[in-house]
Amino acid sequence: MKQQRITFQNVDDLPNVVVSLGTMEWNHTGSWRYLRPRHENKVPACSNACPAGNDIEGFIRLIGENRFAEAWLKLKEENPLTRTCGRVCFHPCEAGCNRAHFDMPVSINALERFAGEHADRNLLAKTARPASGKQVAVIGSGPAGLTAAFYLARLGHGVTVFEAMAEPGGVLRYGIPAHRLPRAVLDDEIADIASMGVTFRCGVRLGSGGDLSYAELVGYDAVFVAIGAHESRRLGLPGEDAKGVMSGLHLLRLVAAGTRPRLGTRVAVIGGGNTACDAARVLLRLGTRVGLYYRRSRAEMPAFKDEIDEAIREGVELHELCAPVAISTNATGAVTAIRLIRMKLGEPDDSGRRQPHPIPGSELEVPVDTVVAAIGELADPGALPPGVEVTGDGSVRVDDLGRASVEAVFSGGDVTPGPRTVVDAIAAGKRAAVAVDLYLAGAEKAEAAKVMRVGLGGGISMSQYLERSLAHERYGDSEHVVTFDELNTAYFESQPRHRLKRLTVESRLSGFAEVNAGLTDREALVEAARCFHCGVCTECDNCYVFCPDVAVRPLGEGKGYEIDYDYCKGCGICVAECPRASMSLAGEEA
Amino acid sequence: MMTRFREEEELMTSGHLACQGCGGPIAMRLALKALGEDTICVIPACCWTIISGPFPYSALKVPIMHTAFETAGAAASGVRAALDIQGRSHTKVLAWAGDGGTFDIGLQSLSGAAERNDDIIYICYDNEAYMNTGVQRSSATPDRAWTTTTPSGHPKRGPKKNIVEIMAAHKTPYVATASVAYPEDLMRKVRRAAETRGTTFVHVLSPCPPGWRIDSEASIRIARLATDSKVFPIYEVENGEKYQINVKPRDIPVAEYLKAQGRFNHLAAEDIAEIQRKIDHEWRRLMQKAMMDSYSGSHY
Ligand SMILES: Cc1cc2nc3c(=O)[nH]c(=O)nc-3n(C[C@H](O)[C@H](O)[C@H](O)COP(=O)(O)OP(=O)(O)OC[C@H]3O[C@@H](n4cnc5c(N)ncnc54)[C@H](O)[C@@H]3O)c2cc1C
Ligand SMILES: Cc1ncc(C[n+]2csc(CCOP(=O)(O)OP(=O)(O)O)c2C)c(N)n1
Ligand SMILES: [Mg+2]
């Protein structure tokens, strides 16, 4: 019982000297309060920026506590391809990281890779639900298909993945070269997915002219179409069909399958995207000289910046503002040279990038033995289920949960409109798994969509969906994304970001060894300590230590705090001194 | 997270009468956690007389002797002598006084105790005016600040009295500044003071939201700015000789500190520039002292 007021009935009750007989706790100073503080976790900017809605501050916290395998598990909850993403994701989380406004963003991508190095398949929970008895066909085993398969299996559904190629992985296996994503890493992650009970049927192409038609897919309650975009755009130039002209994807696919095509000594790569950059870097490793020709300038290149930088460092000769006009051939129909024209930039087009215009009379001819065209990829219309609506460029039209226009058909990844990245494909696979799950259960989608949402950036959380509750441990029901201004940076010290170590160029070009090195335990701990944990309480005790009214009490490690509103005067110091905006102050109701 | 803070006993209770955001109870709570329950407080007239509550209550779980405005030093010496006669030398005597009771009216009794080197811990929680009676200026009020007796048309003129130098001049064994913005440093210093025999003095900057014209939630931030702008350096002096700076300021212009407080609203750009010059000068002097060799013999 809290201290009561003391009353003296008569003079004899009074002490002989003026001495205190009790504390002041009878005095409920909470009645003075007009602002009410509370602990309220919010959405970190990194998670808000992650299409897959990863619990980034959560896994980094676990690394900081030396709990490396648990950090990996935490990532795996929201992304079955963490070791892959730790290498090839273009990490929008780092662009969102509030620390960028302080010194440099946290090296989240490197930490993700580090966590993956402590993967332990035995820790993976097999399913979250009992078997539903339903069967789902997943067409395509790129990141979208693999992700959907993983979560559908976890949700208790039977899953079969149909893949046209000899091995699963999609672009991860047949596009992205091994020097960026070692095959053993990919194999391991696919094995994780198989361990969930997913069946893979490789070498089976769906669709008209394939090995199996959609009509033959019997016994499946739903289909997820994630066949990517594998038809290379044609250059539309004279000489395009000559011997020695090939698409970037084709080249990468050949090399990935172990073939070493005959290319001559000089190769021109046309394009400025990831495919062009990867093709160029692979060509260097095959021993050719490589010129990369792009019609706009380096700033407009759609490839990830790091890719462009490394390609140039390795020796790719980048020629900006150059567009091909013709391919010259010899009598045997083989490529001898490429004719190009110089371009200049004009007004921005619909995409916001400046339009290139040819400079009359600036043509030039470069002798080459091979031309690799990598100017974009399209979906294969013949490989789609009959009747699905497509957009102008042949992509499958889907709603915000990945439902196509045909009943029981879902789609996502590169075959649908939107950004083409691994993490976007993963997000699409996750969204589709939820959509399929709701469809199979005959459930309403709107409520589930809200439950899954992470912040406002469109990322979704599987753990939130599984718990089916807003009162989950992450950010409560908050949609408030923490901005840099909301942090109290007095509690943070400047600390340089980890510098990625890479192989020397000479040792890179002798083969397909992984270029980027991982973090050591020590480096990971130092980097993890740089995380601000925006919006998420770390029990730093500031609220407790600074409270002038002893009204904030810790509840024990990991349990947070309680505020005693009988005494809290609402000064707001706890909120102001919270380093990470995981407390809020609101007006008292009248 | 501060090590051990959760385990250290809470010797100040809720329900006290300090205004929202007052630095006084923060300082007291930290100091008592550092000292432990075997402590007797001597408090002269000041806000804390009121904060602790009226008879028959007290917000502290250690004894308080309330005493006259000018007597903290002398009364603490007396309590010390009485305890020693009773064989209770282990009990710590904490004189806890405001800036008025320390810099002004109580200076003689503090000086007396320090000169005798009586074994007491004297903590001045400095809110830079006579706050309890309604924000009258004291000799701890900073240059050009507004108070009710130095209204903005006629703000206070002249520097804040340097109490640390006065105490260091007594060759007091341990003198330190501290701030509610740096709890760990404050508690370390109070512990250090308790472990040191003889008179020890800790000067704690303690913002007063109504008196400084700041929002209650800004208390800690303003205290931190005081140190980061070098207005209130955090340092300690051993035996009046050995100076050590404990918090590296973030080098923030004083304008940022002044502009955040209503009591400096009336300052013109020239005032701020002049204040900045003085602060820079004082900071250089302090750095020089921190770099000097100290006298190697003993003063006592
Ligand atoms: C060379 C290259 C490098 C890239 N680098 C990066 C990078 O570093 N980071 C990044 O974030 N993104 C990168 N991207 C983009 C990223 O790889 C894609 O956005 C992503 O792989 C799309 O995943 P998906 O599952 O939709 O399709 P895909 O990965 O394309 O997988 C589709 C799968 O479906 C199979 N398939 C196709 N048709 C059929 C059919 N009819 N029947 C059965 N199976 C079929 C294909 O064989 C393939 O395995 C790169 C892309 C390319 C081409
Ligand atoms: C001899 C004497 N003069 C005046 C007073 C009235 N009085 C009580 S508290 C106080 C101001 C105390 O100021 P300070 O020591 O700075 O403490 P604060 O109230 O600011 O915490 C005054 C003037 C008094 N109690 N005794
Ligand atoms: Mg005062």
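The sections below set out a description of the structure shown in this document. Predicted model only: the values in this text are computed from it and were never measured.

A look at the overall build of chain A
Helix and strand counts for chain A stand at 19 helices and 22 strands. Taking all 590 residues of chain A together, the buried fraction comes to 54%. Look at the contacts in chain A between residues 6 or more apart in sequence, and 70% of them connect residues 24 or more apart. With an accessible surface of roughly 24,900 Å², chain A has 51% of that area assigned to carbon and sulfur atoms. One finds the centroid of the 65 positive side-chain charges in chain A at a distance of 5 Å from the centroid of its 76 negative side-chain charges.

Let's talk about the interface of chain A and chain B
Each partner contributes residues to the interface: chain A has 48 residues there, and chain B has 39 residues. Around 3,300 Å² of area is buried between chain A and chain B when both sides are counted, 59% of it from carbon and sulfur atoms. Three residues, A:Met24, A:Val545 and A:Val550, lead the burial of chain A against chain B; their summed loss comes to 19% of the area buried on that side. Here A:Glu577 ties to B:Arg224 by a salt bridge, and the two come within 2.7 Å at their closest N and O atoms. Residues that form the side of chain A that touches chain B fall into these classes: 29 nonpolar, ten polar and nine charged.

Side note on the site of ligand 1
All names here are of chain A. Surrounding ligand 1, one finds 36 residues, the nearest of these being Val88, Glu163, Arg180, His230 and Asp414. Contact between ligand 1 and Val88: a nitrogen atom at 2.7 Å from a main-chain N or O atom of the residue. The backbone of Leu206 places a nitrogen or oxygen atom 2.9 Å from a nitrogen atom of ligand 1. For ligand 1, the accessible surface in isolation is 1,000 Å², of which the surrounding protein chains cover 97%. Those elements that provide at least two residues to the shell around ligand 1 are helix 7 (143–154), strand 3 (158–163), helix 10 (248–256), helix 11 (274–285) and helix 13 (422–441). In terms of residue class, the shell around ligand 1 is built from 19 nonpolar, eleven polar and six charged.

A few points about helix 10 of chain A
Along an α-helix, residues three or four positions apart point the same way, because every turn accommodates 3.6 residues. Residues and elements named next belong to chain A. Listed as buried for helix 10 are Gly248, Leu249, Leu251, Leu252 and Val255. Down the axis, helix 10 shows its buried residues gathered within 160 degrees of arc, on one side only. Turning to helix 10, the residues buried within the fold contact helix 8 (171–174), strand 6 (231–232), strand 7 (245–247), helix 11, strand 15 (370–373) and strand 16 (377–378).

Topic: the environment of A:Gly53
All names here are of chain A. By secondary structure assignment, the location of Gly53 is in the loop between helix 1 (45–49) and helix 2 (56–64). Note: C-alpha distance between Gly53 and Ile460 (407 residues apart in sequence) is 5.0 Å. Apart from residues lying up to four places away in sequence, Gly53 is in contact with Ser47, Glu78, Val454, Gly459, Ile460 and Arg474.

Regarding the side chain of A:Ser107
The topology assignment puts A:Ser107 in the loop between helix 5 (92–96) and helix 6 (108–116). Contact partners of A:Ser107, with chain neighbours within four places excluded, come to A:Glu94, A:Arg497, A:His498, A:Glu527 and A:Arg530.

Focus on the nonpolar core
Nonpolar side chains tend toward joint burial in soluble globular proteins. Core analysis: the largest hydrophobic core is formed by 84 residues, its most contacted members being B:Trp48, B:Trp96 and B:Ile123. Top contributing element to this core by residue count: helix 1 (residues 23–35) of chain B, with eight residues. Beyond its immediate stretch of four places on either side in the chain, B:Ile123 contacts B:Ala31, B:Leu94, B:Ala95, B:Trp96, B:Ala97, B:Val190, B:Val202 and B:Val204. Core analysis: the next-biggest nonpolar cluster, separate from the first, contains 72 residues, A:Cys50, A:Val106, A:Leu155 and A:Val434 among them.

A closer look at the environment of B:Pro54
Residue position: B:Pro54 is located in the loop between helix 2 (47–51) and strand 2 (64–67). Residue classification places B:Pro54 among the partly exposed positions, given a relative accessible area of 42%. Residues B:Pro54 and B:His16, spaced 38 residues apart in sequence, show a C-alpha to C-alpha distance of 9.7 Å. Discounting chain neighbours no more than four positions away, the residues touching B:Pro54 are A:Met24 and B:Leu17.

Here we look at the site of ligand 2
All names here are of chain B. By nearness alone, 17 residues border ligand 2, and Gly100, Gly101, Tyr125, Ala129 and Met131 come closest of all. Between ligand 2 and Cys47, the relevant distance is 3.0 Å, taken from an oxygen atom to a main-chain nitrogen or oxygen of the residue. Asn127 has a polar side-chain atom sitting 3.0 Å from an oxygen atom of ligand 2. For ligand 2, the protein covers 73% of the area, taking 580 Å² as the surface of the free molecule. Top contributing element to the shell around ligand 2 by residue count: helix 4 (residues 99–104), with three residues. Each residue belonging to the shell around ligand 2 can be placed in one class, and the counts come to nine nonpolar, six polar and two charged.

Comments concerning the sheet that holds strand 7 of chain A
All names here are of chain A. Strand order in the open sheet formed by five strands is 7-15-8-9-10, and the pairing between neighbours is parallel. Each having just a single partner strand, strand 7 and strand 10 (317–319) make up the two edges of the open sheet. Going from strand to strand, the sheet's axes swing by 25 degrees on average, the running direction of each strand aside. Summarising the sheet, strand 8 (residues 266–270) and strand 15 pair through four bridges and their orientation is parallel. For Val269, the partnering residue across the bridge sits in strand 15 and is Val372. This element, helix 10, spans strand 7 and strand 15 of the sheet and lies at about 80 degrees to strand 7.

Reading guide: rules and limits
Residues numbered from 1 in each chain as written. Chains lettered and ligands numbered in written order. Predicted model: local features only at pLDDT ≥ 70, side-chain atom pairs only at ≥ 80, totals over all residues. Heavy atoms only, no water. Helix = DSSP H or I, 4+ residues; strand = E, 2+ residues; numbered from the N terminus. Buried < 20%, exposed > 50% of the residue type's maximum accessible area, 1.4 Å probe, protein only. Contact = heavy atoms within 4.5 Å. Areas by Shrake-Rupley, 256 points an atom, 1.4 Å probe, with all protein chains shown as cover. Lys, Arg positive; Asp, Glu negative; His and termini not counted. Charge placed at Lys NZ, Arg CZ, Asp CG, Glu CD. Buried area = accessible area lost by both parts, 1.4 Å probe. Salt bridge = Lys/Arg side-chain N within 4 Å of Asp/Glu carboxyl O. Nonpolar A, V, L, I, M, F, W, Y, C, P; charged D, E, K, R; others polar. Near = heavy atom within 4 Å. Polar contact = N/O pair within 3.5 Å; in protein donor to acceptor, adjacent residues only side chain to side chain. Arc of directions from axis to C-beta. Core = buried A, V, L, I, M, F, W, Y, C linked by side-chain atoms within 4.5 Å. Pairing = 2+ DSSP bridges. Axes fitted to C-alpha atoms, helices over the stretch in contact; angles between N-to-C directions.

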